[in-house]
Every structure is written in C-alpha cells, then in structure tokens.
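Inside the fold
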Amino acid sequence: GMGCTLTAAVLQRDLLLVGQVGDSRAYLGRLGVVQQLTRDQTVWESLRAQGKDPEKSLGQSQFKSMLIQAVGAQQEVEPVFTELELQAEDWLVMCTDGLYRVVEPEGIGAILEGSADPAGKAKELTALANQNGGPDNVSVVVCHVVPRSDRRPGATVAA
C-alpha cells in the first residue's frame, strides 16, 4: 500500500502546467506574495472542500493526513492539473510536506526575496525546514522566470 506523491511542472514559453497527485505542493511567488497553486489530496482537504468541518470530523485522528491517491498505491491515479500564465520575475516552488508543514508561505516568500540563486534558495528552504523541526523528508525545487531579454535560446527558467 505504499505510494509516493508527485508534483510536476511543464513550462512552455510563458505558460505553466502543474500536475499533482497526493500532497506535495506547488507555490507561485509573485511580487512578494506566495500563493499555493495545488490542493492537497488528503481526507482533511476533501472534507473541507465538501463544506464540512474536518476538525470536528477528524480532530487529532491519524487519518486527517491520509492521502486519497498516491502514485504506486493504486493502479490508476487522476492527476489534478493547474494552468497559469507566468510573468517575468515569478518564482515556482515545488515541495513536499517536510517543508510546508514547518514553513509558512510567508517564510517561503522571505527566502524568495533574498539574493540567492534558485539552487541557493532551495538549500535555504531545506535548511529552514530542518531548523524548524523537519518532521519528514524535505524535497524542494525552486525555479525563477527570467525576463525574455535575459533568456538563452530555448531557455524558459534559470534553475
């Protein structure tokens, strides 16, 4: 019954397509604001989306973070897709729950505002998650959308 989560991105010109299975996430950083692009595919989030109070239904139950679907746990999964138009200077952060359970979007945004390159920002986010208790594995990918004038032929992001 073991499986894994997946959040993947395809960038084509200024269009971003994110596919997700499970509870790993994608965030967009734009003009100092960090917005979650994906919705966790968990029992908790499913109840919330149905207008029910997950706290009342689940409380501290171990099932609140149970995944509704995961790659490898079922024969077939139905990825959820999110599409949006990117702008120059946007940031894309894809991560596992090892980051977002201990680092709020504001903390992610603070690191995105820093001077490090995308790989440096990913390392900073990983270090912050571990510093905050890192209850789970931490995987982080950070991409920066560079202005058209700064792009190499065929390049969309600098990572």
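Let us look at the structure shown here. (Residues numbered from 1 in each chain as written. Predicted model: local features only at pLDDT ≥ 70, side-chain atom pairs only at ≥ 80, totals over all residues. Heavy atoms only, no water.)

Let's talk about the layout of surface pockets
One number sums up the size of the largest pocket: a volume of about 400 Å³. Taken together, 20 residues make up the lining of the largest pocket; nearest its centre are Gly3, Cys4, Thr5, Leu67 and Ala70. Split into classes, the residues belonging to the lining of the largest pocket amount to seven nonpolar, nine polar and four charged. (1 Å grid on protein atoms, 1.4 Å probe; cavity = no way out; pocket = protein on both sides within 12 Å on 5 of 7 lines; lining within 4 Å. Points joined across faces, edges and corners; volume = space filled by probe spheres on them. Nonpolar A, V, L, I, M, F, W, Y, C, P; charged D, E, K, R; others polar.)

What to know about unusual backbone geometry
Most peptide bonds adopt trans geometry, and most residues besides glycine take a negative phi value. For Leu31, which is not a glycine, the phi torsion comes out positive at approximately 50°. Look at Leu31 and you get exposed, because its relative accessible area is 80%. Located in the positive-phi region is Glu89, a residue other than glycine, with phi close to 80°. Among the secondary structure elements, Glu89 is positioned in the loop between β5 (80-85) and β6 (91-95). On the basis of relative accessibility, which here comes to 42%, the residue Glu89 falls in the partly exposed class. (Buried < 20%, exposed > 50% of the residue type's maximum accessible area, 1.4 Å probe, protein only. Helix = DSSP H or I, 4+ residues; strand = E, 2+ residues; numbered from the N terminus.)

With respect to the packing of aromatic side chains
Within the structure shown, the criterion is met by zero aromatic pairs. Over the ring of Tyr100 we find Arg25, and its NZ or CZ is 3.5 Å from the ring centre. We note Lys121 situated over the ring of Trp91; from NZ or CZ to the ring centre the distance is 4.9 Å. (Phe/Tyr/Trp six-rings, centres within 6.5 Å; stacked < 30°, edge-to-face > 60°. Lys NZ or Arg CZ within 6 Å of the ring centre and 35° of its normal.)

Thoughts on helix α4 (residues 105-112)
Inspection of α4 places Ile108, Gly109, Ile111 and Leu112 among the buried residues, and these make up the whole buried set. Down the axis of α4, the buried side of the element spans an arc of 160°, and every buried residue falls inside it. When the buried face of α4 is taken as reference, the exposed residues oriented beyond 90 degrees from it are Glu106 and Ala110. Residues of α4 that are buried in the fold lie against β3 (25-30), β4 (33-36), β6, α3 (97-100), α5 (118-131) and β7 (140-145). (Arc of directions from axis to C-beta. Contact = heavy atoms within 4.5 Å.)

Structural notes on the packing of α4 against α5
Interaxial distance between α4 and α5 falls to 10 Å at its minimum, and their mutual angle equals 145°. For α4 against α5, the interelement crossing comes out right-handed. Residues Ile108, Ile111 and Leu112 of α4 form the contact with α5, whose participating residues are Lys121, Glu124, Leu125 and Leu128. (Axes fitted to C-alpha atoms, helices over the stretch in contact; angles between N-to-C directions. Left-handed = near helix turned anticlockwise from the far one by under 90°.)

Re the nonpolar core
Val93, Leu99, Ile108, Leu125, Val140 and Val142 are the most contacted members of the largest nonpolar core, which has 17 residues in total. The set of elements that each furnish at least two residues to this core consists of β6, α3, α4, α5 and β7. Formed by eleven residues, the second largest nonpolar core is a distinct cluster that contains Ala26, Leu28, Leu84 and Met94. (Core = buried A, V, L, I, M, F, W, Y, C linked by side-chain atoms within 4.5 Å.)

Some details on the environment of Gly109
Secondary-structure assignment places Gly109 in helix α4. Distance in space between the C-alpha atoms of Gly109 and Tyr27 is 9.9 Å, their sequence separation being 82 residues.

Focus: the sheet that holds β5
Pairing in this open sheet of three strands is antiparallel, and the strands run β1-β2-β5 from one edge to the other. Across the chains shown, the open sheet's two edge strands, defined by having one partner strand only, are β1 (6-12) and β5. Strand-to-strand twist of the sheet, defined as the mean angle between neighbouring strand axes without regard to direction, takes the value 15°. Here β1 pairs with strand β2 (residues 15-21) via seven bridges, running antiparallel. From the neighbouring strand, Ala9 faces β2, where its bridge partner is Val18. (Pairing = 2+ DSSP bridges.)

This is a description of form; function is not addressed.
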